[in-house]
Amino acid sequence: MTVYFIGAGPGDPELLTKKAERIIGQCPVCLYAGSLVPLEVVACAPEGARVLDTAPMTLDETHAEIKMAQENGFDVARVHSGDPSLYGAIAEQIRRLRADGIPYEIIPGVPAYAAAAAALGQELTIPEIAQSIVLTRVSMKSTSMPKGETLENFARTGATLAIHLGIRNLREIERQLAPYYGADCPVAVAYRVGWPDQVLIRGSLSDIHEKVRAAKITRTALILVGPALGEVAEFKDSALYDPAMPHVLRPRVKG
């Protein structure tokens, strides 16, 4: 048997990869993170499959389910939101699988920041405005951040920030980022992106807190910060299609 860690994407069942849908559709056991993965995503599980929402379960309990599946020779679809490599809490699960000699495979999914950018209708890397994206989070009540991985340090780069698990800490995020980006720096908040009740809120570091508070959003939201999120009209075209910049697939155009 094999345990398949599957990235379900941000919520829209149609953003499942073909491989993910196929694997879920053939596994006799499906464990999915119900707080972040809609039931519709695992609706393709085979008839009679053991489908469990792991939101109320502990790591010991989910691993016990996997051990039971191993004893029966059943493949397991372990379905996580977004892409499992990012805040998927799969490292501790993999550690236990390795200790017990249980094989596993990871199937990537659409990450929340990519789905949010698509919903906002924009690119996050604008030439000479921002060419890097920092995927990070704030600690609050969750695991502490490693030394050096601070919002202030990331802000010094001027990159686009994708901040997870921070929607209840917007005041502190503003305090830390405003000295580097400016109070009028564009911010976008994507709530339950890809779900039927998706909400997108645009604002600035100085007013996003009040807008989010008015919308009564307290969880399941991604915060994007950076100048690339604004209505940038003046920027240089990418060299990708520049006729003056030949490459191996496009020789220089003769004038």
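Refer to the structure presented above.
Computed from a predicted model, the values in this text were never measured in an experiment.

Asks: How do you make sense of the sheet that holds strand β2 (residues 29-32) when you look at a structure like this?
Replies: Backbone hydrogen bonds hold the strands of a sheet together, and the pairing may be parallel or antiparallel. Here five strands make up an open sheet; going across it, the order is β3-β2-β4-β1-β5 and the pairing parallel. In this open sheet, the two edge strands, each paired with only one partner strand, are β3 (50-53) and β5 (104-107). Sheet twist, expressed as the mean angle between neighbouring strand axes with direction ignored, is 15°. The pairing of β2 with strand β4 (residues 76-80) spans four bridges and is parallel. Each bridged residue has a counterpart across the sheet, and for C30 the counterpart in β4 is A77. Relative to β2, helix α2 (residues 59-72) is tilted by about 165°, and along the sheet it contacts β1 (3-7), β2, β3 and β4.

Asks: Just checking my understanding: could you explain the nonpolar core for this structure?
Replies: Across soluble globular proteins, nonpolar side chains have a tendency to be buried as a group. Core analysis: the biggest nonpolar cluster contains 25 residues, and I163, L177, I223 and V225 have the highest contact counts within it. Per-element accounting of this core gives the leading share, four residues, to helix α6 (residues 170-181). In this structure, A8, A20, I23 and A45 belong to the second largest nonpolar core, which totals 19 residues.

About the cut-offs
Residues numbered from 1 in each chain as written. Predicted model: local features only at pLDDT ≥ 70, side-chain atom pairs only at ≥ 80, totals over all residues. Heavy atoms only, no water. Pairing = 2+ DSSP bridges. Helix = DSSP H or I, 4+ residues; strand = E, 2+ residues; numbered from the N terminus. Axes fitted to C-alpha atoms, helices over the stretch in contact; angles between N-to-C directions. Contact = heavy atoms within 4.5 Å. Core = buried A, V, L, I, M, F, W, Y, C linked by side-chain atoms within 4.5 Å. Buried < 20%, exposed > 50% of the residue type's maximum accessible area, 1.4 Å probe, protein only.

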